[in-house]
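Each chain is listed here by its residues.
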Amino acid sequence: MFSVLMYVFSYVILIGLFLYFVLNPKQEDYYIFFNIRRFLIQPILLLLLLPAFYY
């Protein structure tokens, strides 16, 4: 249950930031946009940390 809440919380935060950067594009914010998009598409870091919740 804790990991589900953690995933939902992270998804809401990241999708909010992603939509902000999509709707307000600026050249200097491109690197942040790229990293947020990467975490939304490839949540490898979150999958690696999932066993830590159960340890």
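See above for the structure.
Procedures and definitions
- Along each chain, numbering runs from 1 in the same order as the chain's sequence is written.
- pLDDT decides what is reported in this predicted model: residues at 70 or higher carry local features, side-chain atom pairs at 80 or more are listed and counted, and totals for whole chains, interfaces and linings draw on all residues regardless.
- Each side-chain value is worked out from all heavy atoms of the structure, with water and hydrogens disregarded.
- Only residues whose relative accessible area exceeds 30% and that form no salt bridge are eligible for patches; like-charged ones are grouped when within 9 Å, while nonpolar side chains (Val, Leu, Ile, Met, Phe, Trp, Tyr) are grouped when within 5 Å.
- Where accessible areas are quoted, they stem from the Shrake-Rupley method and a 1.4 Å probe; at the residue level, only the protein chains shown are allowed to cover.
- Salt bridges are identified by distance alone: a Lys or Arg side-chain nitrogen within 4 Å of an Asp or Glu carboxyl oxygen.
- Runs of E in the DSSP output that reach at least two residues are strands. Runs of H or I that reach at least four are helices, and both are numbered from the N terminus.
- Buried, partly exposed and exposed residues are distinguished by accessible area as a fraction of the type maximum, computed with a 1.4 Å probe on protein chains only: under 20%, between the cut-offs, and over 50%, respectively.
- Residues adjacent in sequence count toward polar contacts only when both atoms are side-chain atoms; beyond that, a polar contact is any pair of N or O atoms within 3.5 Å, and within protein one must be able to donate a hydrogen and the other to accept it.

*Asks:* So what exactly am I meant to see when it comes to a nonpolar patch on the surface here?
*Replies:* Residues Val-4, Val-8, Tyr-11 and Val-12 make up a contiguous nonpolar surface patch of roughly 380 Å² in combined accessible area. Turning to its location among the elements, Val-4 is positioned in helix 1 (residues 2–23). Residue class for Val-4 comes out partly exposed when judged on its relative accessible area of 48%.

*Asks:* Looking at this structure, I do not really get the side chain of Ser-10. What am I missing?
*Replies:* Tracing the sequence through the fold places Ser-10 in helix 1. A residue is classified by how much of its surface remains accessible, and Ser-10, at 19% relative accessible area, is buried. Among the polar contacts listed, one links the side chain of Ser-10 to the backbone oxygen of Met-6, at a separation of 2.9 Å.

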